[in-house]
Amino acid sequence: MHAENANRNLSFMGKTMGFKKGLRSNDITQTIGFTLLFVSILFTLFFLGSIIYFIAVQGISVISWEFLTEVPRKAMTKGGVAPAIVGTFYLTIGAIGFALPLGLACAIYLCEYSPKSIMVNIIRLSINNLAGVPSIVFGLFGLAVFVKVFGFGVSILSGSLTLGIMALPGIISASQEALLAVPQSYKEASLALGATHWQTIKKVVLPTALPGILTGVILNLGRVAGETAPILFTAATFYTRGFPDSIFSEVMALPYHIYALMTEGTRPEVQAGIAYGCALILLCLVLTISALAIILRQKQRRTYGS
Amino acid sequence: MDHEVKIRADKINFYYGKTQALKNIAIDIYSNKVTAFIGPSGCGKSTFIRLLNRMNDLIPGARVEGRILMDGKDINHAKMDVVDLRRRVGMVFQKPNPFPKTIYENMAYGLIINGIKDKSFIEQRVINSLKKAALFDDVKDRLHDSALMLSGGQQQRLCIARCLVVEPEVILFDEPCASLDPISTRKIEELILELKHDYTIVIVTHNMQQAARVSDHTAFMYLGELIEYDETEKIFTVPKEKMTEEYLSGKFG
Amino acid sequence: MIRFKEELYKWIFAVLALASLVFLVGIIITLFKESIPIFSHYSFFHLLFGTQWYPTFEPPEFGMFTLIFASVVVTLGSMLFCVPIGVGSALYIHEIASEKQRAFLKPIIEILAGIPSIIYGFFGMVIVAPLLQNVLDIPIGLCAFTASLVLGIMATPTVASLAEDALSFVPRSFREASLALGANRWQTLTKVIVPAAGSGISTAIILGMSRAVGETMTVLMVAGGAAVIPKSIFDPVRPMTSTIAAEMGEAVMGSTHFSALFAIGLILFLITLIINIIAEVISRRFRLKLGLGR
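Computed from a prediction, not measured in an experiment: that's the story for all the values here.

## Regarding the nonpolar core
Membership of the largest hydrophobic core comes to 227 residues, with the highest contact counts inside it found for Tyr109(A), Ile136(A), Leu130(B), Phe173(B), Leu195(B), Trp53(C) and Ile119(C). Among the elements that make up this core, the one with the highest residue count is helix α3 (residues 82–113) of chain A (14 residues). Counting 34 residues, the second largest nonpolar core, distinct from the first, contains Leu191(A), Ile7(B), Ile29(B) and Val204(B).

Structure (structure tokens):
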């Protein structure tokens, strides 16, 4: 009897001890696991930090007032890259100018008008799939349709339209998010006062959603400015004598210019320096734009308290 | 009950998809009276008053059977202009919902959407309506501040005033005091008593005392059915239905 | 009159809303139409599984297997880099980071996801490739390995950001329930939160993969560009995207070469379409599982 009791006690104690030991090994696992996670975030930050660091350090020495404002000279080895900056500006504005009205209209239809129907599902499906199309395929489409069939040639127009189509899904989803954030109660209040559906959209929904829509547009602006593949065959050229004079001219663009400097031309060692400069300008441009958008968005979230 | 009928509901059945929210509701609502709907939450009282300005049109899959007549005309008829109906039947919601605009813009909204451009006319209307809603003295110095700066009670009175601007015939109150403190609640109640001289008022409330204080007629609803409808005094003193009596004495709900 | 106007607006918006559909269908039609000539010259099987890509020879050869293989190798390689690091980062941000760190890390990751691919390509070409060439003592820095690495770095913020979104959808109550039962944070994370967010994380990975397959500029600049089956991961390769980008400039419009490049585009489009559909299906299931609706 006694022995049995003692045994039982022992095994009970053993269990407790096992439990404790288990706890300790759990703690060790947790420490190891958390360390690994910490290492992975360090990796992420290290990689990305080093990209910015190298480009900033090498690029800053190239950048000067002349670099920003002058046209290239002596077979791309001297002078500035102003036409590429201007070209990127035109292409980006053109693309957003095309995609924003379309995308906003689409978002308004989906959020405000659409009854649940097959048609709406098809539209949603095509937006999702359009968002997943590789950028080079947009380039092929732009080449076949805008450059060839419509006869716009390799031009700002073709490039803007191609980039615009690529930006469309992003603009739609940003606008949708902003429209959905407008409280239902605002719409009800407006309708209950005898406003029509369109009046409610125009006077209440859109003004309320406007800051959110703008943020989304800015975010997409940054993405469009940095795209290269869609303009390879539709808009970009390595060298123009001066600035573009119509929407039918070819343009230089910053991202394409980096690629061209690294792969074409005759003086790679000099060109690499210029490429660093272009990369730094592009990086600053894109980072500033997206940082701006993110700050704006956080401010809005705070004011809406959601 | 020999008053003038403003709204007559005739055998109303209402469905959200497959679930039936209202069963066979028949009721007369009288001009220049306050009619209160009481009952436990989920009994369909809000659903019912949202039928009166066709706010339920906004809900996908909602379906209504039966007729609602306002001044003898079927409001669900294909020829009825729903926008015009909503202008004639104003609504004040559970939570104050001013637009994120200035007080003045909120007030002028109803006129501007109706194409009125005469500035002095708009201003006169806005001031009159604010006075009617007993809000003018509170806000006269800050008409161009954001409406969201007002307190909850003031916001709700602004919503009432905003709805008066378009001169509706009927005003629906959907639990207007649900999110307000007792002092603001009293102010709204006083306002309702004031407004009934000019408007027909329908109010949904889960607060029985409120119904007793402000209404002339009370309807008691339970699980989508209209259990009893009578003059408020009779309902609260000599209810005919056992269920009404149990509800009023707090046995359920 | 008012009613007419309202209807009119509704129809205008409905028509404009069809734009995405029109463009998507337009892309599909264009890709098919432009690649028909090559399919009429060569059998589908021959194109897809031929290993000889000599578009400018006489007679030319358009075997795309090498290119498809290169895309697959580089993409899978990049996943080996970005999945552990990206998901690990997401878990760190979600579970370990303090409120302050999170407020800093989340926007940083998002901004980094927006760095243009040309920058990564440039960085790979001028920094990573020479570095690896020296450190690993390999003949060419521009090779499948470097491309995978750079592509992986590029996809990391995307994967991290999407995975973090998926984690944040897991209801707080799951976590509380687990902690209340005496599980520690690591157990809660690995046994409750990650499984609950599992399909959301998978979606993040698949979308990262989709981005890597379709990525052009990075691989164009870093992968080396040789259209032969690589013997090791340190050989140069020529994925589909860079083939299109590099050769379209010299292909004569309307030639078989031109058409062959569109055929590559078509195959690329179909591959990403399938990947995206898989991601969509999984993410729908994820939302259902967590009761998030649509």
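## Brief notes about the confidence of the model for chain C
Residues and elements named next belong to chain C. Per-residue confidence for chain C gives a mean pLDDT of 87; residues scoring 70 or more make up 98%. Averaged pLDDT values for the elements of chain C fall to 80 in helix α8 (residues 172–180) and rise to 93 in helix α4 (residues 65–96). Across the predicted assembly, pTM comes out at 0.84 and ipTM at 0.90.

## A short note on the sheet that holds strand β9 (residues 217–222) of chain B
All names here are of chain B. Here 6 strands make up an open sheet; going across it, the order is β6-β7-β8-β3-β9-β10 and the pairing mixed. If you trace the sheet from one side to the other, it starts and ends with β6 (89–92) and β10 (225–231), each paired once. With direction set aside, neighbouring strand axes in the sheet form an average angle of 15 degrees. As paired elements, strand β3 (residues 34–38) and strand β8 (residues 200–204) share 4 bridges and run parallel to each other. Opposite Ala36, over in β8, you have Ile203 as the bridge partner.

## Re the interface of chain A and chain C
Tallying the contact residues gives 81 residues for chain A and 77 residues for chain C. Both faces considered, chain A and chain C share a buried interface measuring about 7,000 Å² in area, 80% of it formed by carbon and sulfur atoms. The partner of Lys148(A) in a salt bridge is Glu34(C), and the shortest N-O contact between them spans 3.1 Å. For the pair chain A and chain C, the interface holds 13 residue pairs in polar contact (both at pLDDT 80 or more). Examining the composition of the side of chain A that touches chain C, we find that 20 residues originate from one element, helix α1 (residues 2–60) of chain A, more than from any other. Partitioning the side of chain A that touches chain C into residue classes produces 57 nonpolar, 20 polar and 4 charged.

## Some words on a nonpolar patch on the surface
All names here are of chain C. Together, Phe4, Leu8, Ile12 and Leu16 make up a nonpolar patch on the protein surface, roughly 360 Å² of accessible area in all. Position of Phe4 among the secondary structure elements: in helix α1 (residues 2–17). Judged by relative accessible area, Phe4 falls into the exposed class, the value being 54%.

## Examining the environment of Thr208(A)
Residue and element names in this part refer to chain A. Along the polypeptide, Thr208 turns up in helix α8 (residues 197–226). In this structure Thr208 comes out as buried when scored by relative accessible area, which is 9%. For Thr208 and Ile41, which are 167 residues apart along the polypeptide, the C-alpha to C-alpha distance reads 37 Å.

## Here's the deal with the domain arrangement of chain C
Residue and element names in this part refer to chain C. When its domains are assigned, chain C resolves into domain 1 (2–48) and domain 2 (65–289). On a C-alpha basis, the centres of domain 1 and domain 2 stand 28 Å from each other. Tallying the contact residues gives 15 residues for domain 1 and 12 residues for domain 2. Carbon and sulfur atoms make up 82% of the area that domain 1 and domain 2 hide from each other, which totals about 1,100 Å². For the interface between domain 1 and domain 2, the tally reads 0 salt bridges. For the interface between domain 1 and domain 2, the tally reads 3 residue pairs in polar contact (both at pLDDT 80 or more). Sorting the residues of the side of domain 1 that touches domain 2 by element identifies α2 (19–41) and α3 (44–49) as the ones contributing at least two each. The leading source of residues in the side of domain 1 that touches domain 2 is α2, at 13 residues.

## Concerning the pairing of β3(B)
All names here are of chain B. Counting buried positions over the 5 residues of β3 gives 5, a clear majority of the element. By the alternation rule, side chains of β3 split into Val34, Ala36 and Ile38 and Thr35 and Phe37, which are all buried. Looking at chain direction, β3 and β9 are connected through 4 bridges and run parallel. Residue pairing across strands places Phe37 opposite Ala219, the latter belonging to β9.

## Things to note about the sheet that holds strand β2 (residues 19–30) of chain B
Residues and elements named next belong to chain B. Across the sheet, which stays open at both edges, the 4 strands sit in the order β2-β1-β4-β5 with antiparallel pairing between neighbours. Both outer strands of the open sheet, β2 and β5 (73–74), are each paired with one neighbouring strand and no more. As judged from the 8 bridges shared by strand β1 (residues 5–16) and strand β4 (residues 62–70), these two strands associate in the antiparallel manner. The residue bridging Tyr15 from the neighbouring strand is Arg63, located in β4.

## Brief notes about the pairing of β6(B)
All names here are of chain B. With burial as the criterion, each face of β6 is covered, one bearing Val89 and Met91 and the other bearing Gly90 and Val92. Where β6 lies against strand β7 (residues 170–174), 4 bridges are found, and the strand directions are parallel. In the sheet register, Met91 faces β7, and the bridge partner there is Leu172.

Analysis parameters
Residues numbered from 1 in each chain as written. Chains lettered and ligands numbered in written order. Predicted model: local features only at pLDDT ≥ 70, side-chain atom pairs only at ≥ 80, totals over all residues. Heavy atoms only, no water. Core = buried A, V, L, I, M, F, W, Y, C linked by side-chain atoms within 4.5 Å. Buried < 20%, exposed > 50% of the residue type's maximum accessible area, 1.4 Å probe, protein only. Helix = DSSP H or I, 4+ residues; strand = E, 2+ residues; numbered from the N terminus. pLDDT = per-residue confidence, 0-100. Pairing = 2+ DSSP bridges. Axes fitted to C-alpha atoms, helices over the stretch in contact; angles between N-to-C directions. Contact = heavy atoms within 4.5 Å. Buried area = accessible area lost by both parts, 1.4 Å probe. Salt bridge = Lys/Arg side-chain N within 4 Å of Asp/Glu carboxyl O. Polar contact = N/O pair within 3.5 Å; in protein donor to acceptor, adjacent residues only side chain to side chain. Nonpolar A, V, L, I, M, F, W, Y, C, P; charged D, E, K, R; others polar. Patch = residues over 30% accessible without salt bridge, like charges linked within 9 Å, V, L, I, M, F, W, Y side chains within 5 Å. Areas by Shrake-Rupley, 256 points an atom, 1.4 Å probe, with all protein chains shown as cover. Domains from an automatic or database assignment.

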